[in-house]
Amino acid sequence: MPKIKTNSGSKKRFTLTGTGKIKRKHAFHSHILTKKTKKQKRNLCHMGLVDNANLNQVKELLCMR
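Quantities reported herein were computed from a predicted structural model and do not represent experimental measurements. (Residues numbered from 1 in each chain as written. Predicted model: local features only at pLDDT ≥ 70, side-chain atom pairs only at ≥ 80, totals over all residues. Heavy atoms only, no water.)

Scanning the chain from terminus to terminus reveals 3 helices and 3 strands. In sequence order, the secondary structure elements of the chain are arranged as α-β-β-α-β-α. Reported as C-alpha extents along the three principal axes, the dimensions of the chain are approximately 50 × 25 × 20 Å. In the chain, which comprises 65 residues, the share counted as buried stands at 12%. Considering only residue pairs separated by 6 or more positions, the chain has 54% of its internal contacts joining residues 24 or more positions apart. Summed over its atoms, the accessible surface of the chain is roughly 5,800 Å², and 54% of this surface lies on carbon and sulfur atoms. (Helix = DSSP H or I, 4+ residues; strand = E, 2+ residues; numbered from the N terminus. Buried < 20%, exposed > 50% of the residue type's maximum accessible area, 1.4 Å probe, protein only. Contact = heavy atoms within 4.5 Å. Areas by Shrake-Rupley, 256 points an atom, 1.4 Å probe, with all protein chains shown as cover.)

Next comes the structure, spelled out in structure tokens:
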């Protein structure tokens, strides 16, 4: 049986925590930052966790299922 390849884009975008949860970055923090408030930009720079609704899809991309 062939090996399953990990999706190259997803392995650059997601990281694992020590407890096995999947961390992600927030969107909308890469460009057009002049019209966004300081509070909005500050809150977008923190890492978040992948939601339960998307967890199975992300695990499949990372070959964790």
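What follows continues from the structure just given.
Our focus in this paragraph is the environment of Gly-9. Looking at the element boundaries, Gly-9 is found in helix H1 (residues 8–13). We classify Gly-9 as partly exposed; its relative accessible area is 23%. C-alpha separation for the pair Gly-9 and Lys-25, spaced 16 residues apart in sequence, amounts to 13 Å.

The subject of this paragraph is the sheet that holds strand S3 (residues 48–49). Read across the open sheet, the 3 strands follow the order S1-S2-S3; overall the sheet is antiparallel. The sheet is open, and its two edges are formed by strand S1 (15–16) and S3, each paired on a single side. The pairing of strand S2 (residues 22–24) with S3 spans 2 bridges and is antiparallel. Counterpart to Lys-23 in the pairing with S3 is Leu-49. (Pairing = 2+ DSSP bridges.)

What follows concerns the pattern of salt bridges. Evaluation of the coordinates by the stated rule reveals 1 salt bridge. With a closest N to O distance of 3.2 Å, Glu-60 and Arg-65 form a salt bridge. As far as the burial class goes, Glu-60 and Arg-65 line up, both exposed. (Salt bridge = Lys/Arg side-chain N within 4 Å of Asp/Glu carboxyl O.)

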